[in-house]
2 protein chains.
Amino acid sequence: MLLEAIHHQPKSQYAYAYDEETLHIRVRTKRGDMDQVSVVWGDKYDFTPETITTSKMEVFAKDTLFDYYHVEIKPPFRRFAYAFKFEKGKKTVFLNEVGFKEDEMHSSGVGMLWSPSGMFEFPFLNPIDVHTPPEWVKDAVFYQIFPERFANGDPTLNPPGTEAWTPDAVPTRENFFGGDLQGVIDNLDYLEELGINCIYFTPFFEAYSNHKYDTIDYLKVDPQFGDEKKAKELVEKAHERGIRIMLDAVFNHSGYYFPPFQDVLKHGEKSRFADWFHVKEFPLQTDPLTYDTFGFVPAMPKLDTENPEVKAYLLEVARYWVEDIGVDGWRLDVANEVDHRFWREFRDTVKRANPEAYILGEIWHNSLAWLQGDQFDAVMNYPVTNSILDFFVKDEIDAENFMGRLDQMMIAYPKQANEVAFNLLDSHDTPRLLHIADGNKDRMKLAAMFQLLYLGAPCIYYGDEIGMDGGGDPGCRKPMIWEKDHQDHELFDFYKKLIQLRKDHRALRDGSFRFLSASKGAKYISFERTHGKDRFIIAMNTDTKQHDVNVEDVAKGKFRNIDTGD
Amino acid sequence: MLLEAIHHQPKSQYAYAYDEETLHIRVRTKRGDMDQVSVVWGDKYDFTPETITTSKMEVFAKDTLFDYYHVEIKPPFRRFAYAFKFEKGKKTVFLNEVGFKEDEMHSSGVGMLWSPSGMFEFPFLNPIDVHTPPEWVKDAVFYQIFPERFANGDPTLNPPGTEAWTPDAVPTRENFFGGDLQGVIDNLDYLEELGINCIYFTPFFEAYSNHKYDTIDYLKVDPQFGDEKKAKELVEKAHERGIRIMLDAVFNHSGYYFPPFQDVLKHGEKSRFADWFHVKEFPLQTDPLTYDTFGFVPAMPKLDTENPEVKAYLLEVARYWVEDIGVDGWRLDVANEVDHRFWREFRDTVKRANPEAYILGEIWHNSLAWLQGDQFDAVMNYPVTNSILDFFVKDEIDAENFMGRLDQMMIAYPKQANEVAFNLLDSHDTPRLLHIADGNKDRMKLAAMFQLLYLGAPCIYYGDEIGMDGGGDPGCRKPMIWEKDHQDHELFDFYKKLIQLRKDHRALRDGSFRFLSASKGAKYISFERTHGKDRFIIAMNTDTKQHDVNVEDVAKGKFRNIDTGD
């Protein structure tokens, strides 16, 4: 046994409450090292050889180095003490909080196995601390809309110089095409037909640019898009069709034309907003920068979210759109650069306005620190994005590596965060999926298919479903193509069919997921998703050659081909 | 290189802000495995081979399996991206967030080394999130007083049946000896002479028992001890001598005679306090228990700290004693069974009343989940207690094991939590130190000496310093011996001298700590503590034989014998 490979951390993603009565306990070992791994557990105030239980654990994820074991336990008094038991051949080793022990019955002292004081502990399952994301997200299929580019429903709102909305229109960093909220309302039929049930809008608050990430007024719809009444109408009409709305909260920084920042530019340290930003030295200067910004962008001054006034203002914004306008969630821009304390208050504010609102952090990196139940429901799942692209689209990694990278996310967070993770393949910030695939529609479809059959909420970037192309910003921000003869209908039907399949089967939404085959060097995988008696076995091949996948070991019972129905 | 042994977790005790400009980065490797370990880092918005820095890491802790490396970094823009570089012989391996890579320059894709998107990240150092315990605790030497047994200063308060305060008095679970707050005031001279500068009181609020953990009224001093005026007088007189006061907050459960619980006992679900406890079924019954309790003790009903009324009541208690009476800290009883959310609000309340108040959790197990800056300043350091007892007193572990268990605590928490950890060797809950040592005063002195020269705030249990003895509760709760001829003056002087030494040298308080020798099978250790030019090399032998310790490698410069002055 390789003891150095064994890892457990109490009160973390390795030991957490899944719901008000259930604990998940996990442990890591070297891949393939153990014959059996168990949790030995009992009530911490009654922990004796007679009262303890031994629960066998199962491998639920693996990567190139490690196996990850998991077990679900419902302790009768919502608290317990535990140790791990590792078995390999004739050898048995125990791990408790003090360390490894080979002899279970003859250890002594504080670290002995039968004394709760040496055990790991889950001290008490308090319901208020349980990470509980909204249930509806498990059933959600998101559709991302960049408002300036989805549809122009009200030409009277067009900004000066609006360019013609044609299939060969060329987006630049500065130009405008006149997209607006009425355009979205007008096309709800289209979205309903595709089957999506939640729209994620990049910002539509008043701002200077076409992307609107440089906010001027967080409480106002940009006049190019409509007004608050129109936003409310959009929310209501979408809700009538069972479509929810998520907005984009850019709270890390404001835009250059945000009035408080303009005031500080003008009045310097005498401005009544002087404390709203992170100013190192007055007056404000851009070279060298005398204030903190997003990245090194002078036009995006970082807001001081520790300042009670700034906090009160932004929390009112958070409340207003949820409570008064009725939106169903917030996607938080640059979420990991804002303080944790702000996000805790943000969560309280938003959940008070609507306990079912979804709070989604934009974080490109490991996000465990935000997924403990006190801050975000989930994060944008870029590690999964990258793994899907690397395996299905770019052909850069093999099946084993793909499995390892996906399974690392399974152990990275509590299960409930992965169940509502936001799985995107592209966005307004990246080249479009078809572009990444070099125009290879088969590869694009493999990626989309995996996304739509995997755990977590998939998100489709507007237009991908009809074959829109384009490189990084601004190429990926072309106006939506509405001309039927310029749309790829076969691709649309592919998306529509997969979305419907996901909707029809809970196993494909929050059912269990496990790889059946993912070998070293292989270009194909198979995996299983199950819920109750509903079981799916899916095999996907990225190779140009045909491969056989042996599923006999797992496939007991009758299976139907979900494509042909046979 | 054993890759399975390498461990790092972003935004954890392996990567945290130490102060408003300093980050600590740590990584674990197999013990003795590496020639050199470094952090490769740069600003995450400007991360190129030209702008990155390589910082060498140092081993700061080790145990039987692992080495733990550490480095301090001050990123100019309070954010950074990083990877690790491991070197052994001719082999170099890099670790970033995506995994291990052997080739630094020719990797490609999202996981490539020179792309910040594949790096680990510390996204932004927001001051409000920094874990900042009060500075004074680094200089504190605590003295624990069990109020009923320290001194009887006002016999008019004696409860009926008070027994005689004699050196051979026998404490029972039920009897009383008349200790009170006036008794503590009367003996501040004694405490000042010993050199302690903070008193930790077990509860003195109104309660039924002699230990007062079964609270009746949290806002009232028990009439056997005095009243709120007397408590304020005690605080003021202690403060005049530079002695601070910490109280015991028993917020997990109330006592049986707590009026709200009595009301629920009487009125059942119609009681206006019906929601103050965790009642599974009315009426309340004790066999089987129909409500949650501390352990399985029916007389200690668990309070529902999620209930806003309960929360408001307890937070007012927390505020009152700090703001109105002036106490300097709270020790939180059974802290890990109360919800995290309550403790966050508790911290806000207490720090608002006094930003310098010390918040100390009673947790016997790994406490990382409470030591992130949003809940406790520190915890009672039982793992260190047990390690010191096992090595110096019980002779149950060797030097290598001792080092390993102590060093595991160094990596278990952020450094600032260890700097103010509460290091006790015994208490009202355990046998006395001299009893654990089977009366062997030499062993007792070794343990106390290590405690007083180690990182973290030491705490002396009343009477230990004059040679008091006694087993577990009630034996350890004898009345303090004030008769001079029954006190061990040599032991008192030993404690006094060590406390003074600690006070005279910052190196012995929050200076660095590292083991110089701690070998397998050995019964002796040596260690170094330094601050600036002040350096101490301390060797301690638990064996009956003499051993030579080679400190030539480390001891450059002139050293003085701190005992003889030579």
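Residues numbered from 1 in each chain as written. Chains lettered and ligands numbered in written order. Predicted model: local features only at pLDDT ≥ 70, side-chain atom pairs only at ≥ 80, totals over all residues. Heavy atoms only, no water.

K.L.:
Please set out a nonpolar patch on the surface residue by residue, giving values where relevant.
P.N.:
Taken together, the side chains of A:Tyr45, A:Phe77 and B:Phe296 define a hydrophobic patch exposed on the protein surface, amounting to about 240 Å² of accessible area. If you trace the backbone, B:Phe296 turns up in the loop between α4 (259-267) and α5 (308-324). We classify B:Phe296 as partly exposed; its relative accessible area is 33%. (Patch = residues over 30% accessible without salt bridge, like charges linked within 9 Å, V, L, I, M, F, W, Y side chains within 5 Å. Areas by Shrake-Rupley, 256 points an atom, 1.4 Å probe, with all protein chains shown as cover. Salt bridge = Lys/Arg side-chain N within 4 Å of Asp/Glu carboxyl O. Helix = DSSP H or I, 4+ residues; strand = E, 2+ residues; numbered from the N terminus. Buried < 20%, exposed > 50% of the residue type's maximum accessible area, 1.4 Å probe, protein only.)

K.L.:
I'd like to hear about the layout of surface pockets, residue by residue, with values.
P.N.:
Computed from the structure, the second largest pocket encloses a volume of approximately 1,400 Å³. In terms of lining, the second largest pocket is formed by 47 residues, of which the most central are A:Phe294, A:Glu362, A:Trp364, A:Asp429 and B:Tyr45. Each residue belonging to the lining of the second largest pocket can be placed in one class, and the counts come to 21 nonpolar, 12 polar and 14 charged. (1 Å grid on protein atoms, 1.4 Å probe; cavity = no way out; pocket = protein on both sides within 12 Å on 5 of 7 lines; lining within 4 Å. Points joined across faces, edges and corners; volume = space filled by probe spheres on them. Nonpolar A, V, L, I, M, F, W, Y, C, P; charged D, E, K, R; others polar.)

K.L.:
So what about the packing of helix α7 (residues 382-393) of chain A against helix α11 (residues 441-453) of chain A? Which residues, and what values?
P.N.:
Residues and elements named next belong to chain A. For the pair α7 and α11, interaxial distance at closest approach is 9 Å and the crossing angle is 140°. In terms of their interaxial angle, α7 and α11 are classed as oblique. In the packing of α7 onto α11, the handedness of the crossing is right-handed. Together, Ile 388, Phe 391, Phe 392 and Val 393 of α7 and Arg 443, Leu 446, Ala 447, Phe 450 and Gln 451 of α11 make up the contact between the two elements. Here the contact of α7 with α11 is composed, by residue class, of seven nonpolar, one polar and one charged. (Axes fitted to C-alpha atoms, helices over the stretch in contact; angles between N-to-C directions. Parallel < 35°, antiparallel > 145°, perpendicular 65-115°, else oblique. Left-handed = near helix turned anticlockwise from the far one by under 90°. Contact = heavy atoms within 4.5 Å.)

K.L.:
Explain the packing of aromatic side chains to me, and be specific about the residues and the numbers.
P.N.:
Within the structure shown, the criterion is met by 118 aromatic pairs over all chains. With 5.1 Å between their ring centres and 75° between their planes, A:Phe261 and A:Phe277 make a pair best called edge-to-face. Residue A:Phe261 is found in helix α4 (residues 259-267), and its partner A:Phe277 is found in the loop between α4 and α5 (308-323); the two are separated by 16 residues along the sequence. Assigned by exposure class, A:Phe261 and A:Phe277 land together as buried. In this structure, A:Lys302 packs its charged tip against the face of B:Phe124, placed 4.2 Å from the ring centre. (Phe/Tyr/Trp six-rings, centres within 6.5 Å; stacked < 30°, edge-to-face > 60°. Lys NZ or Arg CZ within 6 Å of the ring centre and 35° of its normal.)

K.L.:
Could you give an account of the pairing of strand β12 (residues 198-201) of chain B, naming the residues involved and the relevant values?
P.N.:
Side chains on a regular strand alternate between the two faces of the sheet. Residue and element names in this part refer to chain B. Here β12 shows two buried faces, one formed by Cys 198 and Tyr 200 and the other by Ile 199 and Phe 201. Note: strand β11 (residues 142-145) against β12, four bridges, orientation parallel. Across the sheet, the residue bridging to Tyr 143 is Ile 199, located in β12. Here three bridges tie β12 to strand β15 (residues 244-249), and the two strands are oriented parallel to one another. Pairing of Tyr 200 across the sheet is with Met 246, part of β15. (Pairing = 2+ DSSP bridges.)

K.L.:
Talk me through the confidence of the model for chain A; I want residue IDs and the actual numbers.
P.N.:
Residue and element names in this part refer to chain A. This prediction gives chain A a mean pLDDT of 94; 96% of its residues lie at or above 70. Residue range residues 105-113 is modelled with pLDDT below 50. Its contacts to residues more than four positions away, or to other chains, number 23 contacts. Per the prediction output, this complex has pTM 0.95; the corresponding ipTM is 0.94. (pLDDT = per-residue confidence, 0-100.)

K.L.:
So what about the sheet that holds strand β6 (residues 66-73) of chain B? Which residues, and what values?
P.N.:
Residue and element names in this part refer to chain B. The sheet built from four strands is open, its strands ordered β1-β2-β6-β5 with antiparallel pairing. The open sheet is flanked by β1 (15-17) and β5 (58-62), the only strands paired with a single partner. Here the average twist between neighbouring strands, direction ignored, is 30°. Pairing analysis gives eight bridges linking strand β2 (residues 23-30) to β6, with the strands arranged antiparallel. Bridge assignment links Ile 25 to a residue of β6, and that residue is Val 71. Together, β2, β5 and β6 form the strand contacts of helix α8 (residues 399-412), whose direction differs from that of β5 by roughly 120°.

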